[in-house]
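Summary of structural features
Here is what each chain is made of, one letter per residue.
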Amino acid sequence: MAGVFALLLARPVIPGLVLVLVTLLALWQTTQIRVAVDLSGLIGNQTQGAQAMTRYSERFAPFRAEEVLLVRAPSFASEEALDALEDLVLELQFVDGVAQVISLPGLPAPGRTGAWLTGPELADLPPGERLRQMRTESPLAAQMIAESLDATLISVAAERGALGDAFAERVMAAADSVPGLDVTPVGLLEVQRAIAVELIHDLGVLVPAAVLICLLISGVLFRSLRAVAVISLPPIAGLVWFLGFLGATGTPIDPLMGALPVVLIVLAFSDSIHVYHAAIGALTTDTPRATALARALAQTAPAAAFTSLTTLIAFASLALPDSPSLNAMAWTGGVGMVLCLAAVLAMTPVLMWALGVPRRGTQAPGLFARVVPPALALARHGRVVVVLAVLVLGGVWALQSRSEVGFRYADYLPQGAPVTEALAMMDDSGLGSDRMLVVIEADPDAPLDRVRRAAAAIYGPGASGFTEGETGARMLDRMAARDGSAHALPVQMPIAASDIRADEALSALEARLAEAGLAGASHVVGPGYALLVEGPRIVESLRFGLYATILSITLLVALVYRSIRLALVGLVVNLIPIMGVEAWLVLLGREVTIMNMIALTVAFGIAIDDTLHFLNRFRLARGETADRVTQAVREAGPPMAATTLILLAGLVVTLASSLPGLSIFGGLIALAVGLALVADLFLLPGLIRWSMK
């Protein structure tokens, strides 16, 4: 390997031109990058939730996406507001591509086919009384208009192939043409559009911000524009290669991948600083510059490759769940790690030749040299370190063991977006932010008995009229399966509230069904339901992947360094930050969600980087164990602290994202990285001295 780097340092022109050409080609391909948001991509086709929707489509009717509108007025208990609502429904029915409009004015009257709201049954009542009577007599009406009578829902179904941004724009144009009403698009389609807007914003703002922060820190540390160029150009090129790869292959960026470019750039900067720091140290001898630099690069490259491999393994574990979105992040994350590492190792020697840095006599940054004395002082007390490590590990394990698995729909909703605020308002007003269906299997001996019990459990005791008489029979016919073997009752569920778990209302509904004796004869279906039930299962699968990652990396460390003791010491040190992050979630009262577990998995692959760089310096050192530990701390400690600062500063920019999942992802990884540095500096040296006596 030293020979390869020596060749790059001696004859860099042709390799340099090739690297420039590849970078320009990748930059051109970045223009093809696209963002695609499909929350159903979290769930694979073979999961129970997805299979339930497939069975429903076969028995009833296929699920189809709709444009859902939240319509608000000071109060619909006035003739003017009701007239405006009817005008809105009429306008929507004439929009090009609309197949059906489901609304309160279109709700059929009991016993006949005409509209109920404007029919003779309610004609003599004031507007407010009409609406309240409809809410009382029909659970469907109660789900369409809030109890406060100031908000109602309208669903607009499109003709086959008509859905899309253009269709949504036509619908909103029609809605805006009706004065006196406040119309906000809500529902899954609008949520996904809002997420896409925020992802595009993050790619255009947060990624450049992370790069700028890394540049500034590199400048403060090395105080040389040439040094900053050598350190920063390879990571930036690596990120361009990755983005160009996404553009060339047509791989879209989705919400789970939103933080990936930031993670890659800060990791590449970390590797680049380690390489440059090693090069400065190599020029303190009388060895010719090119030879010394080649040797330094050859000594650092294995550790850089090893750290990239551990993060790649962490990404690979995301392929275990049956989740297209996670599987895409698994392989794209791996590709990104490989491309960024290749850019750092290939471009750094070329830039060192072209810019002539580092020069002989260059001093390593002294800012972080202060971490060495306290680390060495504590390392001399091996038994104290062992006791401290056991206490810390035991404490975080005790807290971590109390963690719970859950799913928060709000993690995927952009903060401050109109759709997010509208969904929260819907939950607060009792309308519910997501529509699900409760499928009730028919009893051949009493065809409507189960349906009536289910209606009472879902809508309340006053729903008896909903299923009785000729009117009830007609309504239930609309909800029956094709073969009459079941009925599907709609229900609006509050799942978007940010301060509660999304499955609380669902659990309460299932408990009521069980109390009605319908636990075995009923089940809930719907895209939102699938997310709620499959989310925890995905988390458990990711947890298994995390354990597999920890085991595989531990075995790999043992194999590479030919020491089970070093592998076990590294395991102890790196379990502390991961369990520490999960313990922090417990203290905050937050459950472990999909985004949290992804962050923990990737964080372990990143957190072990400092351990590997330290072990690499320990392996290269000569002498007794104590002397080797001292040399490793002095050589690896300052760059470990510097790269951790880079990682923290770069990852912290994700906190500015309005996507909670993305900010959580970056924040938890940053916390794990910070804890990892403390463990590697103040526990790892002492544990090695104690275990390697």
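Anyway, here's the lowdown on the structure attached to this text. (Residues numbered from 1 in each chain as written. Predicted model: local features only at pLDDT ≥ 70, side-chain atom pairs only at ≥ 80, totals over all residues. Heavy atoms only, no water.)

Here's the deal with the state of the cysteines
To be explicit about the condition: We call a pair of cysteine sulfur atoms a disulfide whenever their separation is within 2.5 Å. Buried, partly exposed and exposed residues are distinguished by accessible area as a fraction of the type maximum, computed with a 1.4 Å probe on protein chains only: under 20%, between the cut-offs, and over 50%, respectively.
On inspection of all chains with the given rule, the structure shows zero disulfides. Cysteine 214 takes part in no disulfide bond, and the closest cysteine sulfur, belonging to cysteine 340, lies 12 Å away. We classify cysteine 214 as buried; its relative accessible area is 0%.

What about the packing of helix 11 (residues 289-316) against helix 19 (residues 527-561)?
We count it as follows: To define axes, lines are fitted to C-alpha atoms, for helices over the stretch in contact only, and angles between the resulting N-to-C directions are given on a 0 to 180 degree scale. Helix and strand definitions here come from DSSP, where helices need a minimum of 4 consecutive H or I residues and strands a minimum of 2 consecutive E residues; each element is numbered from the N-terminal end. Any angle that falls under 35 degrees is termed roughly parallel, while one over 145 is termed roughly antiparallel, one within 65 to 115 roughly perpendicular, and all others oblique. Handedness of a helix crossing follows the sense of rotation of the near helix relative to the far helix, less than a right angle counterclockwise being left-handed and clockwise being right-handed. The criterion used for residue contact is that any of the two residues' heavy atoms lie within 4.5 Å.
Between helix 11 and helix 19, the shortest axis-to-axis distance is 9 Å and the interhelical angle comes to 155 degrees. Our classification of the angle between helix 11 and helix 19 gives roughly antiparallel. As for how helix 11 packs across helix 19, the hand of that crossing is right-handed. Together, Phe306, Leu309, Thr310, Ile313 and Ala314 of helix 11 and Thr549, Ser552, Ile553, Leu556, Val557, Val560 and Tyr561 of helix 19 make up the contact between the two elements.

What about the side chain of serine 522?
For clarity, the cut-off: Side-chain atoms alone can form a polar contact between residues adjacent in sequence; in general such a contact is a pair of N or O atoms within 3.5 Å, and within protein one must be able to donate a hydrogen while the other accepts it.
Within the secondary structure, serine 522 sits in strand 7 (residues 522-525). Classification of serine 522 as buried rests on a relative accessible area of 14%. Within polar-contact distance, the side chain of serine 522 engages the backbone oxygen of leucine 518 at 2.6 Å.

Examining the environment of glycine 97
Mapped onto the elements, glycine 97 comes out in the loop between helix 4 (79-93) and strand 2 (98-102). The buried category is assigned to glycine 97, whose relative accessible area is 8%. Sequence separation of glycine 97 and alanine 446 is 349 residues, and the distance between their C-alpha atoms is 42 Å. Residues in contact with glycine 97, not counting those within four places in the same chain, are Ala157, Ala158, Glu159, Ala162 and Phe167.

Thoughts on unusual backbone geometry
Note: most residues except glycine have negative phi, and most peptide bonds are trans. Between valine 357 and proline 358 the backbone carries a cis peptide bond, its omega angle lying at 0 degrees. If you trace the backbone, proline 358 turns up in the loop between helix 12 (324-355) and helix 13 (372-379). The phi dihedral of arginine 223 falls on the positive side, at around 50 degrees, and the residue is not glycine. Of note, arginine 223 is situated in the loop between helix 8 (188-222) and helix 9 (225-249). Phi angles above zero are rare outside glycine, and arginine 562 is one such case at about 50 degrees. Of note, arginine 562 is situated in the loop between helix 19 and helix 20 (564-588). The exposure class of arginine 562 is exposed, given its relative accessible area of 78%.

Section: the environment of tryptophan 353
Structurally, the position occupied by tryptophan 353 is in helix 12. Taking the C-alpha atoms as reference points, tryptophan 353 and leucine 8, 345 residues apart in sequence, are found 8.6 Å from one another. Dropping the residues within four chain positions of it, tryptophan 353 is found in contact with Leu9, Pro12 and Val13.

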